[in-house]
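An overview of the molecular structure
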Amino acid sequence: EVILEARGLGKVYQGAQGDTEALRGIDFKVHRREFVCVIGPSGCGKSTLIRILAGLEQATSGEILLDGAPVKGPGRDRGMVFQGYSLFPWLTVKGNVMFGPLMNGSSRGTAEQHAREWLELVGLSKFADAYPHQLSGGMRQRVAIARALVNQPRILLMDEPFGALDAQTRSKMQTHLLDIWRNLDVTVLFITHDLDEAIYLADRILVLKAHPGEVQELIEVPVPRP
Ligand code: ADP
Ligand code: ADP
(Lines give C-alpha, C1' and ligand atoms only; values in the text may rest on other atoms or scores of the structure.)
(Ligands and ions follow the chains in the order given, each with its own letter.)
Protein backbone atom coordinates (compact mmCIF):
# COMPACT_ATOMS: atom_id res chain seq x y z
CA GLU A 1 0.00 0.00 0.00
CA VAL A 2 1.53 3.26 -1.15
CA ILE A 3 1.01 6.11 1.34
CA LEU A 4 3.10 8.84 -0.17
CA GLU A 5 4.18 9.35 -3.74
CA ALA A 6 6.32 12.08 -5.24
CA ARG A 7 6.03 12.55 -9.00
CA GLY A 8 8.50 14.64 -10.91
CA LEU A 9 9.12 17.02 -8.04
CA GLY A 10 11.16 20.06 -8.94
CA LYS A 11 12.05 23.21 -7.07
CA VAL A 12 13.70 26.37 -8.27
CA TYR A 13 14.39 29.11 -5.73
CA GLN A 14 14.36 32.55 -7.25
CA GLY A 15 16.77 35.00 -5.73
CA ALA A 16 18.40 38.34 -6.40
CA GLN A 17 21.61 36.58 -7.46
CA GLY A 18 19.73 34.30 -9.82
CA ASP A 19 17.89 31.02 -9.60
CA THR A 20 18.91 27.95 -7.61
CA GLU A 21 17.61 24.63 -8.77
CA ALA A 22 17.27 22.58 -5.58
CA LEU A 23 15.29 19.61 -6.94
CA ARG A 24 14.73 18.18 -10.38
CA GLY A 25 12.52 15.29 -11.46
CA ILE A 26 12.29 13.51 -8.10
CA ASP A 27 10.10 10.38 -8.10
CA PHE A 28 9.61 7.94 -5.25
CA LYS A 29 7.01 6.04 -3.25
CA VAL A 30 6.73 5.33 0.46
CA HIS A 31 4.70 2.32 1.57
CA ARG A 32 2.60 1.95 4.67
CA ARG A 33 4.66 1.18 7.81
CA GLU A 34 7.90 1.66 5.94
CA PHE A 35 10.83 3.49 7.50
CA VAL A 36 12.54 5.36 4.68
CA CYS A 37 15.66 7.47 5.12
CA VAL A 38 16.82 10.10 2.65
CA ILE A 39 20.54 10.76 2.71
CA GLY A 40 22.80 12.95 0.66
CA PRO A 41 25.49 15.59 1.02
CA SER A 42 24.82 19.05 2.35
CA GLY A 43 23.03 21.23 -0.19
CA CYS A 44 21.66 18.33 -2.27
CA GLY A 45 18.06 19.34 -1.56
CA LYS A 46 17.02 17.11 1.36
CA SER A 47 15.43 19.88 3.42
CA THR A 48 13.74 21.33 0.37
CA LEU A 49 12.26 17.92 -0.38
CA ILE A 50 10.86 17.34 3.10
CA ARG A 51 9.57 20.90 3.35
CA ILE A 52 7.68 20.40 0.11
CA LEU A 53 6.28 17.09 1.38
CA ALA A 54 5.19 18.87 4.58
CA GLY A 55 3.54 21.59 2.53
CA LEU A 56 5.77 24.29 3.98
CA GLU A 57 7.24 25.02 0.56
CA GLN A 58 5.61 24.95 -2.86
CA ALA A 59 7.12 22.71 -5.56
CA THR A 60 7.86 24.41 -8.87
CA SER A 61 6.90 21.27 -10.76
CA GLY A 62 5.49 17.83 -10.08
CA GLU A 63 3.03 16.66 -7.49
CA ILE A 64 2.66 14.85 -4.17
CA LEU A 65 0.03 12.19 -3.60
CA LEU A 66 -1.03 11.15 -0.12
CA ASP A 67 -3.15 8.00 -0.16
CA GLY A 68 -3.51 8.61 -3.89
CA ALA A 69 -4.90 12.14 -3.59
CA PRO A 70 -2.89 15.26 -4.49
CA VAL A 71 -1.92 17.45 -1.53
CA LYS A 72 -1.04 21.11 -1.44
CA GLY A 73 -0.12 22.97 1.70
CA PRO A 74 0.37 21.65 5.21
CA GLY A 75 -2.05 19.28 6.90
CA ARG A 76 -2.62 17.16 9.97
CA ASP A 77 -2.08 14.07 7.82
CA ARG A 78 1.67 14.78 7.90
CA GLY A 79 3.47 15.11 11.23
CA MET A 80 6.73 17.03 11.23
CA VAL A 81 9.76 16.90 13.53
CA PHE A 82 12.61 19.34 12.89
CA GLN A 83 16.20 19.42 14.08
CA GLY A 84 15.73 22.63 15.99
CA TYR A 85 13.52 22.48 19.00
CA SER A 86 10.39 23.92 17.58
CA LEU A 87 8.46 23.55 20.83
CA PHE A 88 6.52 26.52 22.14
CA PRO A 89 8.67 27.78 25.03
CA TRP A 90 5.75 29.43 26.82
CA LEU A 91 3.75 26.20 26.99
CA THR A 92 4.40 23.25 29.26
CA VAL A 93 5.33 19.88 27.81
CA LYS A 94 1.70 18.82 28.09
CA GLY A 95 0.55 22.14 26.62
CA ASN A 96 2.81 21.61 23.61
CA VAL A 97 1.30 18.19 22.92
CA MET A 98 -2.26 19.42 23.55
CA PHE A 99 -1.85 22.28 21.09
CA GLY A 100 -2.60 20.24 17.95
CA PRO A 101 -5.74 18.53 19.28
CA LEU A 102 -7.04 21.86 20.65
CA MET A 103 -6.48 23.50 17.27
CA ASN A 104 -8.39 20.64 15.69
CA GLY A 105 -11.36 21.30 17.92
CA SER A 106 -10.87 18.67 20.62
CA SER A 107 -12.18 19.57 24.06
CA ARG A 108 -9.59 20.34 26.74
CA GLY A 109 -10.36 17.05 28.44
CA THR A 110 -9.84 14.99 25.30
CA ALA A 111 -6.74 16.94 24.28
CA GLU A 112 -5.25 16.43 27.74
CA GLN A 113 -6.04 12.73 27.72
CA HIS A 114 -4.38 12.24 24.33
CA ALA A 115 -1.41 14.34 25.38
CA ARG A 116 -0.96 12.19 28.50
CA GLU A 117 -1.09 8.98 26.44
CA TRP A 118 1.57 10.20 24.03
CA LEU A 119 3.78 11.56 26.77
CA GLU A 120 3.63 8.19 28.45
CA LEU A 121 4.63 6.52 25.20
CA VAL A 122 7.72 8.71 24.90
CA GLY A 123 8.49 8.20 28.61
CA LEU A 124 7.88 11.77 29.73
CA SER A 125 4.77 11.48 31.89
CA LYS A 126 6.63 12.88 34.87
CA PHE A 127 7.57 15.97 32.90
CA ALA A 128 4.10 16.92 31.70
CA ASP A 129 4.12 20.17 33.67
CA ALA A 130 7.74 21.11 32.96
CA TYR A 131 8.71 23.73 30.40
CA PRO A 132 10.85 22.90 27.36
CA HIS A 133 13.90 24.80 28.68
CA GLN A 134 13.93 22.51 31.72
CA LEU A 135 14.45 19.42 29.56
CA SER A 136 17.52 17.88 27.95
CA GLY A 137 17.84 17.92 24.15
CA GLY A 138 16.77 14.31 23.79
CA MET A 139 13.75 14.86 25.99
CA ARG A 140 12.70 17.88 23.95
CA GLN A 141 12.85 15.83 20.78
CA ARG A 142 10.71 13.19 22.46
CA VAL A 143 8.14 15.92 23.17
CA ALA A 144 8.37 16.97 19.51
CA ILE A 145 7.70 13.36 18.46
CA ALA A 146 4.71 13.12 20.82
CA ARG A 147 3.41 16.42 19.48
CA ALA A 148 3.70 15.19 15.89
CA LEU A 149 2.08 11.82 16.61
CA VAL A 150 -0.84 13.04 18.70
CA ASN A 151 -2.61 14.15 15.51
CA GLN A 152 -2.32 10.58 14.17
CA PRO A 153 -0.67 11.61 10.90
CA ARG A 154 -0.48 9.21 7.96
CA ILE A 155 3.25 9.81 7.81
CA LEU A 156 5.87 11.24 10.13
CA LEU A 157 8.32 13.56 8.34
CA MET A 158 11.57 14.03 10.24
CA ASP A 159 14.28 16.48 9.14
CA GLU A 160 17.55 15.55 10.87
CA PRO A 161 15.68 15.33 14.17
CA PHE A 162 18.68 14.06 16.14
CA GLY A 163 21.33 16.13 14.35
CA ALA A 164 21.86 18.50 17.26
CA LEU A 165 22.18 15.79 19.93
CA ASP A 166 25.37 14.34 21.37
CA ALA A 167 26.31 10.87 20.12
CA GLN A 168 25.06 8.98 23.17
CA THR A 169 21.68 10.73 23.26
CA ARG A 170 21.32 10.35 19.51
CA SER A 171 21.85 6.62 19.77
CA LYS A 172 19.24 6.36 22.57
CA MET A 173 16.78 8.38 20.51
CA GLN A 174 17.31 6.15 17.47
CA THR A 175 16.44 3.07 19.53
CA HIS A 176 13.47 4.85 21.05
CA LEU A 177 12.14 5.94 17.66
CA LEU A 178 12.45 2.39 16.30
CA ASP A 179 10.50 1.11 19.32
CA ILE A 180 7.73 3.59 18.62
CA TRP A 181 7.75 2.75 14.93
CA ARG A 182 7.58 -1.02 15.61
CA ASN A 183 4.71 -0.68 18.06
CA LEU A 184 2.57 1.71 16.08
CA ASP A 185 1.01 1.80 12.67
CA VAL A 186 3.29 4.60 11.61
CA THR A 187 5.21 5.39 8.43
CA VAL A 188 8.39 7.43 8.65
CA LEU A 189 10.35 9.50 6.15
CA PHE A 190 13.56 10.53 7.88
CA ILE A 191 16.21 12.86 6.54
CA THR A 192 19.78 12.60 7.68
CA HIS A 193 23.27 13.24 6.38
CA ASP A 194 24.55 10.45 8.63
CA LEU A 195 24.91 7.19 6.70
CA ASP A 196 25.29 5.10 9.88
CA GLU A 197 22.05 6.53 11.20
CA ALA A 198 20.26 5.74 7.92
CA ILE A 199 21.54 2.16 7.84
CA TYR A 200 20.51 1.62 11.45
CA LEU A 201 17.01 3.05 11.04
CA ALA A 202 15.82 2.43 7.51
CA ASP A 203 14.09 -0.33 5.59
CA ARG A 204 15.08 1.54 2.49
CA ILE A 205 17.46 4.41 1.83
CA LEU A 206 16.96 6.99 -0.87
CA VAL A 207 20.29 8.51 -1.83
CA LEU A 208 19.89 11.99 -3.27
CA LYS A 209 22.79 12.85 -5.53
CA ALA A 210 23.06 16.31 -6.95
CA HIS A 211 25.79 17.43 -9.30
CA PRO A 212 25.63 21.10 -10.21
CA GLY A 213 24.28 21.51 -13.71
CA GLU A 214 23.49 17.81 -14.08
CA VAL A 215 20.32 15.82 -13.61
CA GLN A 216 19.70 14.93 -10.01
CA GLU A 217 19.63 11.24 -9.20
CA LEU A 218 17.66 9.42 -6.54
CA ILE A 219 19.11 5.98 -5.93
CA GLU A 220 17.16 3.43 -3.90
CA VAL A 221 19.00 1.10 -1.55
CA PRO A 222 17.05 -1.60 0.31
CA VAL A 223 18.36 -2.25 3.83
CA PRO A 224 17.01 -5.62 5.00
CA ARG A 225 16.45 -5.79 8.73
CA PRO A 226 18.17 -8.60 10.63
P1 ADP B 1 20.15 20.03 2.12
O2 ADP B 1 19.00 19.97 3.07
O3 ADP B 1 20.39 18.73 1.42
O4 ADP B 1 21.39 20.58 2.72
P5 ADP B 1 18.68 22.22 0.92
O6 ADP B 1 17.36 21.69 0.50
O7 ADP B 1 18.74 23.00 2.18
O8 ADP B 1 19.73 21.03 0.93
O9 ADP B 1 19.27 23.14 -0.23
C10 ADP B 1 19.32 22.74 -1.61
C11 ADP B 1 19.79 23.93 -2.45
O12 ADP B 1 18.79 24.95 -2.45
C13 ADP B 1 21.06 24.57 -1.93
O14 ADP B 1 21.78 25.02 -3.06
C15 ADP B 1 20.55 25.73 -1.13
O16 ADP B 1 21.49 26.77 -1.10
C17 ADP B 1 19.32 26.15 -1.90
N18 ADP B 1 18.29 26.73 -1.03
C19 ADP B 1 17.68 26.13 0.03
N20 ADP B 1 16.76 26.94 0.58
C21 ADP B 1 16.77 28.09 -0.15
C22 ADP B 1 16.03 29.31 -0.11
N23 ADP B 1 15.08 29.52 0.82
N24 ADP B 1 16.32 30.26 -1.03
C25 ADP B 1 17.25 30.05 -1.96
N26 ADP B 1 17.98 28.93 -2.07
C27 ADP B 1 17.74 27.94 -1.19
P1 ADP C 1 17.68 12.12 26.83
O2 ADP C 1 18.44 10.92 26.36
O3 ADP C 1 16.25 12.09 26.43
O4 ADP C 1 18.37 13.42 26.62
P5 ADP C 1 18.66 11.34 29.31
O6 ADP C 1 18.33 9.90 29.45
O7 ADP C 1 20.04 11.76 28.92
O8 ADP C 1 17.58 12.00 28.39
O9 ADP C 1 18.28 12.04 30.68
C10 ADP C 1 18.47 13.40 30.95
C11 ADP C 1 18.10 13.55 32.42
O12 ADP C 1 16.68 13.41 32.58
C13 ADP C 1 18.72 12.47 33.28
O14 ADP C 1 18.97 13.01 34.56
C15 ADP C 1 17.64 11.42 33.34
O16 ADP C 1 17.74 10.66 34.54
C17 ADP C 1 16.38 12.25 33.32
N18 ADP C 1 15.31 11.54 32.63
C19 ADP C 1 15.21 11.28 31.30
N20 ADP C 1 14.06 10.65 31.00
C21 ADP C 1 13.44 10.47 32.18
C22 ADP C 1 12.19 9.87 32.56
N23 ADP C 1 11.36 9.32 31.65
N24 ADP C 1 11.85 9.87 33.84
C25 ADP C 1 12.67 10.42 34.75
N26 ADP C 1 13.84 11.00 34.49
C27 ADP C 1 14.23 11.03 33.22
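Please refer to the structure placed before this passage.
The structure reproduced in this document is the subject of the present report. (Residues numbered from 1 in each chain as written. Chains lettered and ligands numbered in written order. Predicted model: local features only at pLDDT ≥ 70, side-chain atom pairs only at ≥ 80, totals over all residues. Heavy atoms only, no water.)

Once that is clear, we can look at helix H5 (residues 167-183). Along its 17 residues, H5 runs 25 Å from first to last C-alpha, staying within 8% of the 24 Å computed at 1.5 Å per residue. Listing the buried residues of H5 in full gives Thr169, Met173, Gln174, His176, Leu177, Leu178, Ile180 and Trp181. Packed against the buried residues of H5 are strand E3 (35-39), helix H3 (108-121), helix H4 (137-149), strand E7 (155-159), strand E8 (188-191) and helix H6 (195-201). (Helix = DSSP H or I, 4+ residues; strand = E, 2+ residues; numbered from the N terminus. Expected span 1.5 Å × (residues − 1). Buried < 20%, exposed > 50% of the residue type's maximum accessible area, 1.4 Å probe, protein only. Contact = heavy atoms within 4.5 Å.)

We now examine the packing of aromatic side chains. All chains considered together, the criterion is met by five aromatic pairs. Pairing Phe35 with Trp181 gives two aromatic rings, centres 5.7 Å apart and planes at 75°, and the pair type is edge-to-face. Of this pair, Phe35 sits in strand E3 while Trp181 sits in helix H5, and the two are 146 residues apart along the sequence. Note on Phe35 and Phe190: the rings are 5.9 Å apart at their centroids and 40° apart in plane angle, and the pair reads as tilted. With a gap of 155 residues between them, Phe35 in strand E3 and Phe190 in strand E8 connect regions that are remote in the sequence. As far as the burial class goes, Phe35 and Phe190 line up, both buried. (Phe/Tyr/Trp six-rings, centres within 6.5 Å; stacked < 30°, edge-to-face > 60°.)

Reading across from one edge, E6-E7-E8-E3-E9-E10 is the order of the six strands in this open sheet, with mixed pairing throughout. A single partner strand is all that each edge strand has here, and the edge strands are strand E6 (78-81) and strand E10 (217-222). Between one strand axis and the next, the sheet turns through 20° on average, direction left out of account. As paired strands, E3 and strand E9 (residues 204-209) are joined by four bridges and run parallel to one another. (Pairing = 2+ DSSP bridges. Axes fitted to C-alpha atoms, helices over the stretch in contact; angles between N-to-C directions.)

Within the open sheet, the four strands sit side by side as E2-E1-E4-E5. Their pairing is antiparallel. The sheet terminates laterally at strand E2 (18-31) and strand E5 (69-70), the two strands that pair on one side only. As paired strands, strand E1 (residues 2-15) and strand E4 (residues 61-66) are joined by five bridges and run antiparallel to one another. The partner of Leu4 across the bridge, within E4, is Leu66.

For the rest of this paragraph, the subject is the site of ligand 2. In the vicinity of ligand 2, the contacting residues are Gly123, Lys126, Phe127, Ser136, Gly138, Met139, Arg142, Thr169 and Lys172. One of the side-chain nitrogen or oxygen atoms of Ser136 is found 2.6 Å away from an oxygen atom of ligand 2. Met139 is positioned with one of its backbone polar atoms (N or O) 3.1 Å from an oxygen atom of ligand 2. For ligand 2, the accessible surface in isolation is 540 Å², of which the surrounding protein chains cover 56%. Of all elements in the fold, only H4 and H5 reach the threshold of two or more residues within the shell around ligand 2. The greatest single-element share of the shell around ligand 2, amounting to three residues, is contributed by H4. Its residues assigned to classes, the shell around ligand 2 comprises two nonpolar, four polar and three charged. (Near = heavy atom within 4 Å. Polar contact = N/O pair within 3.5 Å; in protein donor to acceptor, adjacent residues only side chain to side chain. Areas by Shrake-Rupley, 256 points an atom, 1.4 Å probe, with all protein chains shown as cover. Nonpolar A, V, L, I, M, F, W, Y, C, P; charged D, E, K, R; others polar.)

Turning next to the nonpolar core. Counting 44 residues, the largest nonpolar core has Phe35, Ile145 and Phe190 as its most contacted members. With seven residues, H4 is the largest single contributor of residues to this core. Aside from chain neighbours lying at most four places away, what touches Ile145 is Val81, Met158, Phe162, Met173, Leu177 and Ile180. Ile64, Leu157, Leu189 and Leu206 belong to the second largest nonpolar core, which has 26 residues in total. (Core = buried A, V, L, I, M, F, W, Y, C linked by side-chain atoms within 4.5 Å.)

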